[in-house]
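Coordinate analysis (summary)
Listed here are the chains, written in short residue letters.
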Amino acid sequence: MKYIFNFLTIFFFFSIVSCNKNINIYPVSNLYDATFYKNIDEIDVALTGCYNGLQKPLYEEWSMTELRSDNSIMGNPTSGSSDNKELSDLDMFMPNTYHEGIYNYWLHTYYNIYNVNKVLKSIEVNYKQSEGVLLYDSLLIPVSIEDRKRVAAEATFIRAYHYFNLVRLFGGVFLIHTPTSPTEAKLINRESTDEIYKLIIADLNNTINYGNSAKFNAINNNDLGRVNTWCAKALLAKVYLTLNRKSEAIILLNDIINNSTYSLQPTYKEVFSITNEMNSEILFAVRYKAGSLGLGSPFANMFAPNGSGLAVVNGDGQGYNYPSYELETSYLTTDPRFANNILVYITKHYVNKYISDMAIADDAENDWPVIRYADVLLMLAEAQGYNASSINLINQIRIRSGLTALTTSTINSVALFEKALSDERRLEFAFENQRWFDLVRFNTTFTTLTAEQVMKDHFTIMYPKHYGKYPAPALTLEQLKSFVTAEHLLLPIPQREIDINTKIVIPQNPGY
Amino acid sequence: MKNMKFLLLLVFIISGSAYAQKKVITGTILNKETGKPILGVNIMADKSKSGTSSNAKGEYSINLKSTSTLLIFSCIGYTTQTILIEDKSVIDVNMIPSYTDNTEVVVIGYGTQKRADVTGAISKYKNDKLDEAPVSRLDQALQGKIAGVQVNNTSSLAGDAPKVTVRGISSIYAGASPLVVVDGQPVADGLAYINMADIESVEILKDAASAAIYGSRGASGVILLTTKSGKIDKPRYKFKYSVGFKTPYKKYDVMTYTEYMNNLFYEASLKSLDTSIAAPLESAIASNNERAGYIVEQTLLGGKGTNWQNLALQTGLAKNLQLSASGGKSGLKYFISGGYQKDQSMMIHSNYEKFNIRTKIDLDLSKKVKVVFNINPSYSKKESPSENFTNFVRYPSFMPAYHNELTAENVHQLSQWENIIPGDFAQPRHFSEIYYSGYMPDGSFWAPTGTSDPFNSSTNSPLSSILNSSIIANEYRAQSSAELTIKLMKGLDFKSLATNYVNMSNTLNWSNKNAFADGLVSKGIYINSSSVDLLSENTFNYTKNIKDHSINALLGFTTQKTNTNKDQTTGLNYPSDDIRTLNNATQIDKAGTFGSRIKVGLISYLGRVNYSYLNKYLLSASFRTDGSSYFGPGNKWGTFPSVSLGWIANKENFLKDIDWLSKLKFRTSYGVSGNNRILDFGFLDLLYPSNYSFGDGTGTNTPGQATSMTIRSNPDITWERTFQNNYGIEIALFKSKINLNVDFYKSKTDRLLLQQSAMAFTGVPLSWNNIGSLKNTGIELDLSTVNITTSNFKWTTSANISHSENVILELGEEAYLINQGERNEIYKNQVGSPLIQYYGFKTNGVWLSQAEIDAAKANGLSSTFNNAFVPGQLKIVDVDNNNIIDNNDRTNIGSPYPDFTWGITNTCNYKSVDLSFTFQGVQGGSLINGDPNYDETKKLVKVYNTNRWISPMNPGDGYTPNYNKSAFNWMLTDYVVEDASYYSLRELNLGYTLPASTVESLNLTSVRIYLSAQNLYFKSAKNYRGINPEGRMTSGVYGSSLIGGYQRGSFPIPKTILFGIDLNF
């Protein structure tokens, strides 16, 4: 009996000792959020993560902007690949609501918004929607107010940048300004575009108020690439322009021109050179870094011609974002921007802007410019409208590229001015994802030019060369043009968002 | 240490030593019914620890002590006999066949039980000829053999796991596969590594009451694998070898480009005769690139296209070699085996090889202490192809695999390809940007103004990719265990089991320079992982019989710990394709370099009581409580009780005298089991590296962290629980010549652990949740009969059929969940319906003409889709009758669950010849065939083009749409939902046992040669258009249990024929 007793003792001893240690296990190879975001070093690391999050949406953004505009087309009408089909749908204004590219863009943008919200929540910088202001609420962790303002200034710019893209592509989207649980999310519906813009303006003003205001020539080398007050002012100017609040835009743009020391590069080519990154013309760029760090740019391979072997890039190209014939012919052949932006492989014309020598595929160095000083100049021209000063601003851009200056005698009407400004922006910012937003904005800032007309003209010109070649039964030009409606200037909300919410009804954009 | 030496000593002295002999008895053992000698009857004497067994002639000879008074003759399949020795020196025995062995023992969780006493739903499958099945894995061999166990060969690549489900779906998360326990140790990949020849028996715990003893892991059923042990006998050797080959049962019928273009031009000629439409423009017949492809095929390939499908396929080769030795003496039994298995798939570069060694030793250290050692190291090597079979099927036939004189000359037109010589791999880009012209099938001359790209693709041909890359995984596994049993007092045993399962693998995923596209550097992805699973299990077992009461009680404590380390490094740019080690890489790719360290722990307390009264009234109750590291604080512990009852009615007085009734037993059970298999740390939000470069120059890489892109945690998640009732009846008639088992079950799973679709604007597509409940009901029928027994001929049949159905009872506060697959096809999980329903559009044939469309529009029909009204394209049904075709017209258009699954095996013996064959089938359920929604396959596979719509006057069958890229395509419609039913002659085994006289002259005990075949006949449903109704996508989103039933470009069904020989000596 004693024998048994001994066994039992040992048995239960082992059971109790090994007990809780064995099942109270926490991750060893990953950080986790319950214990992170607790001091400024960790919050800075999380903020860096938000910068990285800018890269993912760009992967699709060109197809929502350049491809849908008159700048580019799908390279290969007869390919049966699924990517091609989905991209052609965007190109031809007929995306379905299940479109995978649209969904991915949406998901990746909101993913980064979530990360930004996590950072802002960790330092208790909260958006008060009723008043449209950001509040610096009381904070339990030991982070100084200076650090909070510095971090928040960068984070709110990133959030505003994302929402500005979303509101222009989808209209009134879901306004998420704090980390939201999946359960809470089921009760949130779309907001009006006004509410979205209210947050964007509050966020950008926060950056302007608390961000790094050093002039370009005084920015600490380590801070190059980070958000500062100048890029926030430029983005806010664009927001105001989009809202047709031109006078507010003018104040901001003049401030940048007069006080920031940002300036045009001597040549167009130098703006994009990988040995001249974050130059005086780049107010903000999404940065890529080669060297198999997982931070390289995929665009060299995406935009290089399909089937070019290694003639253009290592690893061949995917043939996306082919320049449209009409864009090419609007460049003077002597315009250095032409050669910088578009090259030809045998008979295939392709976007050269983001191609640099690279050792391995999908790992190019080229940054993606978001706001350039040239944009500041041309936005000012757009805000001021037709006058001599505006023509001069356009001429600064033209002269850099060795073109003849415009004069008030050649540009003698609002219509000609608007055409000239539109064309200049198109040539200058080709393949920088500006054209689509420009066209839509012109609907409010211009009086003689509409996005719908530009797109219908584009289809008319390109139909015999391109759209008419789609396999039988090809769409007729009339059918194609009929897809260009005011409603289709917005993309559909991903069908999945509407389908999975069984609590509330989420309205789809009209026309889908 | 002392014990170790003792053990070693014992191992060395086992071989044939002689000891004191007092008496020798000989005799012959015959089958009483057939009069044939019986091989392998065990003969034991009392008071003596030695034993022997009979040879092929039924003869035996046993040495025993003079004090022995009786001999015990036992053999599986016969009633055991005990005969007094008295002063006989020759004892001949006639053994009586027994069709159910009343002494049969069934392995249950943490113990064994007599078959007669079992009160739960447990199926046992003995390894009779399991190891002769023409398959490489145990789970494949079980297909169609056991009611309620569904085995689905979703892939046919070498070494790939089939999908195994027990009693339908009781859990929604991907971890809904049964728990596999090998000799007491739960081993996640037990079915993958176990050597079939080492298996003694497979037991499947189907109902919750039987599985509840495995608590948190029992909800999806438990498969218990028991390996062979030695018996007290002289050394017995076994040698088994088989070799065979595999060929595809059916391939895709793909058009060559010549056939494709001929068809287009033929259709154009029909169209031009149709006065209701305008004659097609020349440019609308075929695109320039298609015409160029035709020219390439006609002029450079001599009109004969390349059959890419055949380039991917080969005759597969399977080899299996097994050797074993077993035996035992007083206090020591051993079983030692070694095996080599090679399985070469029909797909090129898909190979699987496995080496196994198993040693099992049973030692009686004293009368009170017993030890069992088991060690099973294995090595396997799996080579996987770097390209899918699908990529070959859809490759256009005008592309040659290698350049010939003509094609090389053709591509020399471009300076970039001037170095190409005949014999080089042909790539699509070589043929691009070249001016092509020539005669079209209608005799017209085609001369375009510019160059054409016959096949616009930047990637290399699948053949050159597959041959320039290799994915080889080496796995080293060792399962070992030591079990110590101490008899504490009469009836009370203490057992302590310690097991250790180590699984180390290293994989090199290698690609040569330029393997997939020009300019790609060579790349090696090295994946090293190691997993160590330690289990300690301590149980007390108490058995007591008091008069008519017999009691068996179990009390135990177990703890299990698993550490998994995984490291992946990607090296780039090697000096040569022949040197593939990391030290030669020029660069490390950060994007392909990861590491993880995961620990998982489980602590459990368990107990069980089995009680029987008068051997008629049976009761069993069990209890288990589990603590798991998968869940957060406060949610770690779960409790899983069960109770079951049995009544052996035929032992009652009022039935005892009915002599045709051999058995009548009723069983009922109720139990709770759980599921904890979610991803690690579902209760925490993990962060992942997310770096960025700041600063001047090209920037400095700066560390960043960001949240998961795939799933949001839920701190409150906890156990999923399944409550199950089981009702069973067992009937045996006519001396057990007919045996029937029927089980009916009903289960409810609540707190479903699932990855719920989250609104994407929260930043992730999925989140963990514990919501809802699911009901399963089913019925299983097992019938085995002995049809004929004569002296020369015996015929037995065993058949099983099962039906199960599930319905979602609730989903928290949701009415349904929506999930999307690769083509945005939607799977809906709706309350009140089966777990998965395909959610899409109903169609009613195709629009026959523009006139029909115009008429419909005139009646007010409109659509929000740009492409809903195209002649020759699918006509969507306005389900909600509001005259608008839009997303509200989606409805349920099918479900993957079969009505029933069945299998029937017949076994015949005639003299020395034996034949067995298994038919297996699945009836009902549907699948989504992705091929008719996928451009290349839709365009080129004949079955999707036959009888298609051409023009209003040539409408085809009115249901098959014309190929059109911009039409209502890719939306899920019932046009691609097909019947998934099939039946097949799954296995056939024909053997011949050599006559005893021949065998003896060769100094052998027995010799059997056999032929074994798989899938000699396979019949799929009439409306199924693919080639393999069993094929399913299972990776990526298809890993979720909320998404299922999708296939695309499935691999052919293998038809396998093996020849084998089985020697015993």
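Residues numbered from 1 in each chain as written. Chains lettered and ligands numbered in written order. Predicted model: local features only at pLDDT ≥ 70, side-chain atom pairs only at ≥ 80, totals over all residues. Heavy atoms only, no water.

**Some words on helix 5 (residues 100-122) of chain A**
Residues and elements named next belong to chain A. Formally: We count a stretch as a helix when DSSP gives it H or I for four or more residues in a row; a strand needs E for two or more, and each element gets its number in order from the N terminus. Any helix carries an expected span of 1.5 Å times its number of residues minus one. The rule is simple: take the accessible area with a 1.4 Å probe, protein chains only, and divide by the maximum for that residue type; under 20% is buried, over 50% is exposed, in between is partly exposed.
Taking 1.5 Å as the rise per residue, helix 5 with 23 residues should run 33 Å; its terminal C-alpha atoms sit 33 Å apart, in good agreement. Of all 23 residues in helix 5, 20 are buried; the element is thus mostly enclosed. Directly beyond the C-terminal end of helix 5, a positive phi value near 50° is found at Glu124.

**Points about empty space enclosed by the protein**
Over the atoms rolls a probe the size of a water molecule, and in doing so it shows where empty space is left. Residue and element names in this part refer to chain B. The test is simple: Residues are said to line a cavity or pocket when one of their atoms sits within 4 Å of a point; the points come from a 1 Å grid over protein atoms alone, cavities being sets where a 1.4 Å probe fits but cannot get out and pockets being open sets with protein on both sides within 12 Å along at least five of seven lines. Grid points are joined across faces, edges and corners, and a volume is the space filled by probe spheres set on the points. Gly falls in the polar group here, along with every residue not listed as nonpolar (Ala, Val, Leu, Ile, Met, Phe, Trp, Tyr, Cys, Pro) or charged (Asp, Glu, Lys, Arg).
A full pass over the atoms with the stated rule returns 19 cavities of 30 Å³ or more. Approximately 370 Å³ is the volume found for the largest cavity. Along the walls of the largest cavity sit 30 residues, with Pro134, Val135, Ser136, Gln140 and Lys246 positioned nearest its centre. Those elements that provide at least two residues to the lining of the largest cavity are strand 17 (233-248), strand 18 (316-329), strand 19 (332-344), strand 57 (1006-1020) and strand 59 (1054-1064). Looking at the lining of the largest cavity, its residues break down into 10 nonpolar, 14 polar and six charged.

**Considering the sheet that holds strand 7 (residues 93-95) of chain B**
All names here are of chain B. Selection criterion: At least two DSSP bridges between two strands are required for those strands to pair. Orientation is described by lines fitted to C-alpha atoms, with helices fitted over the stretch in contact, and by angles between N-to-C directions that extend from 0 to 180 degrees.
Read from one edge of the open sheet, three strands run 4-1-7, paired in mixed fashion. For this open sheet the edge positions go to strand 4 (59-64) and strand 7, each flanked by a neighbour on one side alone. For this sheet, the mean angle separating the axes of adjacent strands, direction not counted, is 35°. Where strand 1 (residues 23-31) lies against strand 4, six bridges are found, and the strand directions are antiparallel. Looking at strand 4, one finds that Gly27 is bridged to Tyr60.

**Section: a nonpolar patch on the surface**
All names here are of chain B. Our working definition: Patches here are clusters of residues that have more than 30% relative accessible area and form no salt bridge, with a 9 Å joining cutoff for like charges and a 5 Å cutoff for nonpolar side chains (Val, Leu, Ile, Met, Phe, Trp, Tyr). To be clear on the numbers: accessible area is Shrake-Rupley with a 1.4 Å probe, and residue cover counts the displayed protein chains and nothing else. When a carboxyl oxygen of Asp or Glu is within 4 Å of a side-chain nitrogen of Lys or Arg, the pair counts as a salt bridge.
A contiguous nonpolar surface patch, about 450 Å² in accessible area, is contributed by Leu614, Tyr617, Trp647, Phe654 and Phe666. Along the chain, Tyr617 turns up in strand 30 (residues 617-628). Take Tyr617: its relative accessible area is 32%, and that puts it in the partly exposed class.

**Concerning the side chain of B:Arg667**
Residue and element names in this part refer to chain B. Stated precisely, the cut-off is as follows: In protein, a polar contact requires one atom able to donate a hydrogen and another able to accept it; more generally it is a pair of N or O atoms within 3.5 Å, and residues adjacent in sequence count only if both atoms are side-chain atoms.
Positionally, Arg667 belongs in strand 32 (residues 661-675). Overall, the relative accessible area of 5% leaves Arg667 in the buried class. Within the structure, Arg667 has its side chain in polar contact with the backbone oxygen of Gly120 (distance 3.2 Å). A polar side-chain atom of Arg667 sits 2.7 Å from a polar atom in the side chain of Glu730.

**Some remarks on the domain arrangement of chain A**
All names here are of chain A. Put simply, the rule is: Segment limits for the domains were obtained from an automatic or database-derived domain assignment. Residues count as neighbours in contact if any of their non-hydrogen atoms are within 4.5 Å of one another. The quantity reported as buried area is the accessible area (1.4 Å probe) lost by two parts once they are put together, taken as the sum for both.
Partitioning chain A into domains gives domain 1 (1-211 + 473-512) and domain 2 (299-366). Measuring from the centre of the C-alpha atoms in domain 1 to the corresponding centre in domain 2 gives 31 Å. Taken together, the contact between domain 1 and domain 2 spans 13 residues of the former and 11 residues of the latter. Summed over both partners, the interface of domain 1 with domain 2 buries about 1,000 Å², with 61% contributed by carbon and sulfur atoms. The interface formed by domain 1 and domain 2 includes zero salt bridges. Across the contact surface, domain 1 and domain 2 share four residue pairs in polar contact (both at pLDDT 80 or more). For the side of domain 1 that touches domain 2, the elements supplying multiple residues, two or more each, are helix 3 (55-64), strand 1 (72-73) and helix 4 (82-91). No other element matches the three residues that helix 3 contributes to the side of domain 1 that touches domain 2. Per-class residue counts for the side of domain 1 that touches domain 2 are seven nonpolar, three polar and three charged.

**Let's talk about the interface of chain A and chain B**
Taken residue by residue, the interface counts 114 residues in chain A and 113 residues in chain B. Summing both partners gives a buried area of about 9,900 Å² for chain A against chain B, and 60% of it is carried by carbon and sulfur. The tally of links from chain A across to chain B stands at four salt bridges. Taking the shortest distance from any N to any O, the salt bridge between B:Arg429 and A:Asp316 comes out at 3.9 Å. Linking chain A with chain B are 42 residue pairs in polar contact (both at pLDDT 80 or more). For the side of chain A that touches chain B, the elements supplying multiple residues, two or more each, are helix 1 (2-23), helix 2 (40-52), helix 3, helix 4, helix 5, helix 7 (182-185), strand 4 (282-286) and helix 21 (495-500) of chain A. Broken down by element, the residue count for the side of chain A that touches chain B peaks at 12 residues, all from helix 1 of chain A. Split into classes, the residues belonging to the side of chain A that touches chain B amount to 53 nonpolar, 43 polar and 18 charged.

**Focus: the sheet that holds strand 14 (residues 185-186) of chain B**
Taken in spatial order, the five strands line up as 10-15-16-13-14 (chain B) in an open sheet, and their pairing is mixed. At either end of the open sheet lies a strand with only one pairing partner, and these are strand 10 (122-126) and strand 14 of chain B.

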